[in-house]
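Remarks on the overall topology
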Amino acid sequence: MGALKGEGALDSGWGWMIVVASFMAQFLSFGSPQSVGVLYPKWLSAFQEGKGMTAWVGSMVSGVALITSPVCSACVDNFGARPVTVFSGVMVAGGLMLSAFAPSVSFLIFSYGIVVGIGCGLVYAATLTITCQYFDKRRGLALGIVTTGTSVGGFTYATLQNELIELFGLEGCLLIIGALALNLMACAGPMRPLNLPGYYLKQRAALQRTEEPEALYTKPTAIIIDSDLKTTLSSADNTATIKLLILKEPTELQDSEGERKGGILSCSVVARAIKKRMSPYGRYLCEAVELLQDRVFIAFCIAIFLFSLGAFPPVLFMEDVAQSEGLIDGIALIPLVSIVSMTAGIGKLGLGILADMQWVNSLYLYALTLTGTGVALLLIPVSKSYMGLQVLSAVVGFFSGNWSLTSYITTKIVGLERLSQAHGILMCFGGFGITLGPPVVGWFFDWTQSYDLAFYFSGTCVLVSGLFLFLATLPCWNRTSEEANSPAKEDINTFQQPTLDCDKVASVA
């Protein structure tokens with residue numbers, strides 16, 4: 001497994017090959033989940049379940065993809081982006097093909113929601129991580145192009161799935177889409193790591209230990225310890241052996257003696273072995289707790305949760321809104337889901353370019369997109385024409401392109417070294433929001449037989465998330481906390497230039 005080394009690989013030609021491969025990987029994996037709104041009416045008529053129950057299929061596929069982000073990020077750190085992407089191709093393709101034979105909505109929740117969702121989560125973690133590794137100065141643009149793959153996939157697959165359903169039925173459509181997803185394995189080819197992942201480093205170290213030639217003859221070591229603790233050495237080379245005995249803890253000596261006598265491991269030896277195995281997980285949890293103690297990061301997590309809770313249902317229910325209100329008979333040539341995906345792709349590119357500009361604060365830019373999305377969602381119940389729904393879908397889609405900023409902002413807050421872990425935690429919050437959002441909206445409709453209350457709820461959640469993120473990350477909070485925690489008799493000159501923990505937020509660009 002080859003690895004590129006050196007800073008010369010950053011922002012270089014091969015980095016753009018990574019961008020193309022990652023774009024295609026997200027296109028193939030997220031195309032069907034992003035356009036699941038096209039399949040939603042078909043599942044409603046096929047299984048005759050309630051809107052809330054059927055909505056679990058679409059919410060689970062995107063929610064599971066984000067909830068499993070911490071595990072997926074750990075897989076990328078240990079095994080690398082290439083093998084993870086290959087395995088994700090098997091998961092996505094297998095889940096889609098299995099969904100073609102689903103006898104019930106419950107089976108779809110497993111095959112389409114969980115299996116495909118885990119595969120998409122692996123692709124998402126692998127593509128974003130390796131893109132951030134290959135880019136520094138143009139990271140915002142690169143991430144914008146990569147995440148546009150989900151939007152282009154949603155736009156293309158919405159129309160493609162409509163045509164395939166007309167020609168081959170729902171089962172044939174899912175089989176063909178699953179076969180296309182097998183091309184994810186080819187997308188993994190260009191993903192050469194800059195540094196070898198942890199698993200390969202361990203394997204290399206183990207291989208080097210086994211390949212070390214053993215000495216043909218080892219002079220026996222004799223250590224005689226009399227009752228007066230006088231030690232006699234048979235050779236001057238036994239100094240290391242003496243040090244081992246000196247440094248060895250009494251409990252270890254007792255355990256070794258017990259193993260020699262009884263041949264059975266004592267409880268203390270088993271406990272130490274378990275502790276040694278569990279220590280990496282303990283360090284991971286400690287680092288996660290440390291990240292969650294950062295006010296800016298936890299505010300970002302809460303904003304992502306509220307945004308995902310309210311902004312994802314329109315992607316799933318937009319077509320059903322138009323049909324239930326009698327604004328259109330059937331599905332248009334360019335569905336509303338396609339409009340959302342197309343404008344989201346434009347938004348990802350535009351917002352990614354803006355994030356690279358020095359004078360733009362990307363965190364406040366993200367808060368602005370949340371506010372705009374919330375206002376557009378609140379206007380959806382007011383709109384009584386299909387043209388109005390098209391315009392609002394375009395606005396929601398453009399501002400939803402802020403997903404291209406999440407990895408960029410996370411890198412600015414926690415640094416590139418902790419990106420995988422922090423991004424996994426962040427996406428876990430978003431995953432819970434996406435999982436809960438569509439079922440809640442579906443239950444609102446089953447309760448009131450109208451989408452008005454549901455979209456008021458969604459718009460309020462997103463609007464609150466934008467205002468909360470903007471207020472929670474103001475630098476004045478740091479200044480106030482420093483003044484409150486400082487000694488009363490401290491010299492006033494020390495407050496003229498306070499050290500702000502949130503300087504990293506004010507400088508996010």
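Residues numbered from 1 in each chain as written. Predicted model: local features only at pLDDT ≥ 70, side-chain atom pairs only at ≥ 80, totals over all residues. Heavy atoms only, no water.

A few points about the side chain of threonine 150
This is how the line gets drawn: Strands are runs of DSSP state E lasting at least two residues, helices are runs of H or I lasting at least four, and both sets are numbered from the N terminus onward. Counted as a polar contact is a pair of N or O atoms within 3.5 Å, where, for protein atoms, one must be capable of donating a hydrogen and the other of accepting one, and residues adjacent in sequence contribute only when both atoms are in side chains. Residues are treated as being in contact if the distance between any of their heavy atoms lies within 4.5 Å.
Considering the arrangement of structural elements, one finds threonine 150 in helix H7 (residues 139-181). Engagement of the side chain of threonine 150 in a polar contact is seen with the backbone oxygen of threonine 147, the distance being 2.8 Å. Only 2.4 Å separates the side chain of threonine 150 from the side chain of lysine 348, close enough to count as a polar contact. Excluding residues that lie within four positions of it along the chain, threonine 150 makes contacts with Gln26, Phe30, Gln34 and Lys348.

So, the confidence of the model for the protein
What counts is decided by this rule: pLDDT measures the predictor's confidence residue by residue and takes values from 0 up to 100.
Predicted confidence across the protein gives a mean pLDDT of 74, with 70% of residues reaching 70 or more. Across residues 215-264, where pLDDT falls below 50, the model places 33 contacts with residues more than four positions away in sequence or in other chains. Counted against residues more than four places away or in other chains, residues 486-509, with its pLDDT under 50, gives 37 contacts.

Focus: the nonpolar core
Heads up, the rule is: Only buried Ala, Val, Leu, Ile, Met, Phe, Trp, Tyr and Cys residues count toward a nonpolar core, and they belong to the same one when joined by side-chain atoms within 4.5 Å. Burial here depends on accessible area, computed with a 1.4 Å probe over protein chains only, as a share of the maximum for the residue type. Under 20% is buried, over 50% is exposed, and the range in between is partly exposed.
In terms of nonpolar packing, the biggest core is built from 111 residues, with Trp43, Tyr112, Phe297, Phe300, Tyr366 and Leu469 touching the most fellow members. Beyond its immediate chain neighbours, meaning those up to four positions away, tyrosine 112 contacts Ser32, Pro33, Val36, Leu39, Trp43, Val57, Val61, Leu96, Ser99, Gly117 and Leu174.

A closer look at the state of the cysteines
We count it as follows: For the purposes of this analysis, a disulfide is any pair of cysteine sulfur atoms at a distance within 2.5 Å.
Under the counting rule described, the total for this entry stands at zero disulfides. Left without a disulfide partner, cysteine 75 is nearest to the cysteine sulfur of cysteine 72, which lies 6.2 Å away.

Some thoughts on helix H16 (residues 362-379)
To keep it simple, the criterion reads: Working rule for helices: expected span equals 1.5 Å times residues minus one.
The first and last C-alpha atoms of H16 sit 26 Å apart over 18 residues, in line with the 26 Å expected at 1.5 Å per residue. Residues Ser362, Leu363, Leu365, Tyr366, Ala367, Thr369, Leu370, Gly372, Thr373, Gly374, Ala376 and Leu377 constitute the buried set of H16. Where H16 begins, the capping side chain belongs to asparagine 361, and its oxygen is found 3.1 Å from the backbone nitrogen of leucine 363.

Let's talk about the packing of aromatic side chains
Defined as follows: Think of it this way: a Phe, Tyr or Trp ring, Trp meaning its six-membered ring, pairs with another when their centres are within 6.5 Å, and the plane angle makes it stacked under 30 degrees, edge-to-face over 60, tilted otherwise.
Taken as a whole, this structure holds eight aromatic pairs when the rule is applied. An angle of 65° between the planes, with centres 6.5 Å apart, marks the rings of phenylalanine 107 and phenylalanine 110 as edge-to-face. In this pair, phenylalanine 107 and phenylalanine 110 are both assigned in helix H6 (residues 105-134), three residues apart and thus about one turn of the helix distant. Using a relative accessible area of 28% as the deciding quantity, one classes phenylalanine 107 as partly exposed. Judged by relative accessible area, which is 43%, phenylalanine 110 ranks as partly exposed. Here the aromatic rings of phenylalanine 398 and phenylalanine 399 are separated by 5.7 Å at their centres, their planes lie at 70°, and the arrangement is edge-to-face.

So, the side chain of asparagine 162
Mapped onto the secondary structure, asparagine 162 falls in helix H7. On the accessibility criterion, asparagine 162 (15% relative accessible area) is buried. From its side chain, asparagine 162 meets the backbone oxygen of alanine 158 in a polar contact 3.3 Å long.

Let's talk about the environment of cysteine 132
When you line up the elements, cysteine 132 lands in helix H6. Judged by its relative accessible area of 0%, cysteine 132 is buried. Cysteine 132 sits 10 residues away from alanine 142 along the chain, and the two C-alpha atoms are 8.3 Å apart.

Regarding helix H13 (residues 295-311)
Between its terminal C-alpha atoms H13 stretches 24 Å, which fits the 24 Å expected from 17 residues at 1.5 Å a residue. Extensive coverage of H13 is indicated by the burial of 13 of its 17 residues.

Thoughts on the environment of asparagine 183
Topologically, asparagine 183 is positioned in the loop between H7 and helix H8 (184-187). Judged by its relative accessible area of 40%, asparagine 183 falls in the partly exposed class. Taking C-alpha positions, asparagine 183 is 7.5 Å from leucine 28, a pair spaced 155 residues apart along the chain. There is a polar contact of 2.9 Å between the side chain of asparagine 183 and the backbone oxygen of leucine 180.

Things to note about the packing of H13 against helix H20 (residues 452-472)
How we decide: All axes here are fitted lines through C-alpha atoms, helices being fitted over the stretch that makes contact, and every angle between N-to-C directions spans 0 to 180 degrees. Throughout, the term roughly parallel applies to angles under 35 degrees, roughly antiparallel to angles over 145, roughly perpendicular to angles from 65 to 115, and oblique to all others. Left-handed describes a crossing in which the near helix is turned anticlockwise from the far one by less than a right angle; the clockwise case is right-handed. We call Asp, Glu, Lys and Arg charged. Ala, Val, Leu, Ile, Met, Phe, Trp, Tyr, Cys and Pro are nonpolar, and the rest, Gly among them, are polar.
Packing of H13 against H20 leaves a shortest axis separation of 7 Å and a crossing angle of 165°. The angle between H13 and H20 falls in the class roughly antiparallel. Relative to H20, the crossing made by H13 is left-handed. Between H13 and H20, the residues in contact are Arg295, Ala299, Phe300, Ile302, Ala303, Leu306, Phe307, Leu309, Gly310 and Ala311 and Phe457, Ser458, Cys461, Val462, Val464, Ser465, Phe468, Leu469 and Ala472, respectively. Residues of the contact of H13 with H20, tallied by class, amount to 15 nonpolar, three polar and one charged.

Things to note about a nonpolar patch on the surface
Our working rule: Residues enter a patch when their relative accessible area is above 30% and they make no salt bridge; the linking distance is 9 Å between like charges and 5 Å between nonpolar side chains (Val, Leu, Ile, Met, Phe, Trp, Tyr). Computed with a 1.4 Å probe, the accessible areas rest on the Shrake-Rupley method; for each residue, only the protein chains presented here act as cover. Basic side-chain nitrogens of Lys or Arg form a salt bridge, by our definition, when they fall within 4 Å of a carboxyl oxygen of Asp or Glu.
A cluster of nonpolar residues, Val86, Val90, Leu182 and Met185, forms a patch on the protein surface that exposes about 290 Å² of accessible area. Mapped onto the elements of the fold, valine 86 is located in helix H5 (residues 81-99).

So, the environment of leucine 405
Locating leucine 405 in the fold gives a position in the loop between helix H17 (386-399) and helix H18 (406-414). For the pair leucine 405 and leucine 363, spaced 42 residues apart in sequence, the C-alpha separation works out to 8.5 Å. In this structure, leucine 405 is in contact with Leu351, Gly352, Ala355, Ser362, Leu365 and Tyr366, ignoring residues within four places of it in sequence.

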